[in-house]
Structures are given as C-alpha cells and as structure tokens.
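Summary of the model geometry
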Amino acid sequence: GESLRQVLSGFGGKQLLVMIWHPSLMQLMDHFHLHRPPLVWPSLGSTLAKYYVRKEADALFIDFEGASSAGYVTEKVTSALGAGTPLVCVNVLPEQERDFVSLDIRA
C-alpha cells in the first residue's frame, strides 16, 4: 500500500498498471507448490487499492473474466491509459472463476 501511495502521490503525471493474478488451483499439485496460498477469496488487492487514489476518476478497477470479456477489458484499459488515468488495476480471475454461466436453480 505504501509503495502505491508513493507512486501516486504528487503531480508528476505518473501512471501505474497493476495486474492481480491468482493461483488457479485446478490440479492437485497446485495446492502444494504455492509460496503463500491465498487466505481469502476474492482478493482484497483491488479493494484496498481504492483507498490510495484521490477520487474515483483517478482509477480504473476492472475484472478480467476470461475470453468472453477480453475485448471489453482491453478497450477499457487502453482508453484509460490513453486518457492518463493514474491507476489502472486489472483483477485477473483464476481459471475456475472465468467464463461461467451463473444459474439460479432455486424455485
């Protein structure tokens, strides 16, 4: 958090692109080779980063949800970087959370 605050402080016209990657945990071995397994889901990274920007227009927070949203996410990130948005944060969801259809089976 303090590193993020240091980069975004001042009026230097700096930009920061943050990509948050999550472990996939799709195979049995994935549960054992992690240096530090996640303790919470969803990740708090993008939520905590919101506290380090001055106003809502100074940041773009977007979730990459797989191939179905790739074009939309690419367009939003490209336009935000072109507009000089100080912080662009892309939350790349793990494989098990991408490209699914949510069905509510409750009657």
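Check the entry above for the structure.
Calculation criteria
- Residues numbered from 1 in each chain as written.
- Predicted model: local features only at pLDDT ≥ 70, side-chain atom pairs only at ≥ 80, totals over all residues.
- Heavy atoms only, no water.
- Phe/Tyr/Trp six-rings, centres within 6.5 Å; stacked < 30°, edge-to-face > 60°.
- Lys NZ or Arg CZ within 6 Å of the ring centre and 35° of its normal.
- Core = buried A, V, L, I, M, F, W, Y, C linked by side-chain atoms within 4.5 Å.
- Buried < 20%, exposed > 50% of the residue type's maximum accessible area, 1.4 Å probe, protein only.
- Helix = DSSP H or I, 4+ residues; strand = E, 2+ residues; numbered from the N terminus.
- Contact = heavy atoms within 4.5 Å.
- Pairing = 2+ DSSP bridges.
- Axes fitted to C-alpha atoms, helices over the stretch in contact; angles between N-to-C directions.

Per the counting criterion, the structure on display carries zero aromatic pairs. Lys-50 extends its terminal NZ or CZ atom over the ring of Phe-61, reaching a point 5.5 Å from the ring centre.

The next thing to look at is the nonpolar core. Leu-60, Ile-62, Val-73, Val-77, Ala-80, Val-88, Val-90 and Val-92 form the largest nonpolar core, which has eight residues in total. For this core, the secondary structure elements donating two or more residues are strand 2 (59-64), helix 3 (70-82) and strand 3 (87-92). Those residues in contact with Val-77 that sit more than four places away from it in its chain are Leu-17, Leu-60, Ile-62, Val-88 and Val-90. In terms of nonpolar packing, the next biggest core, distinct from the first, is built from six residues, Leu-4, Ala-49, Val-53 and Ala-59 among them.

Quick look at the pairing of strand 3 now. The side chains of a regular strand alternate, first on one face of the sheet and then on the other. For strand 3, a buried count of six out of six residues is recorded, marking the element as mostly surrounded by other parts of the structure. Residues of strand 3 alternate between two faces, with Leu-87, Cys-89 and Asn-91 on one and Val-88, Val-90 and Val-92 on the opposite face, all of them buried. Pairing of strand 1 (residues 16-21) with strand 3, which is carried by six bridges, proceeds in the parallel orientation. When the bridges of strand 3 are listed, Met-19 appears paired with Val-90. Two strands pair when backbone bridges link them, and strand 2 and strand 3 are joined in this way by six bridges, in the parallel orientation. Paired with Ile-62 across the bridge in strand 3 is Val-90.

Strand pairing in a sheet relies on backbone hydrogen bonds, with the paired strands running either antiparallel or parallel. Strands sit in the order 1-3-2 across an open sheet of three strands; the sheet is parallel. Of all strands in the sheet, those bounded by a partner on one side alone are strand 1 and strand 2. With strand direction ignored, the average angle separating the axes of adjacent strands in the sheet is 15°. Packing of helix 3 onto the sheet brings it into contact with strand 1, strand 2 and strand 3, and relative to strand 2 it is tilted by some 165°.

No statement about biological role is implied by the geometric values presented.
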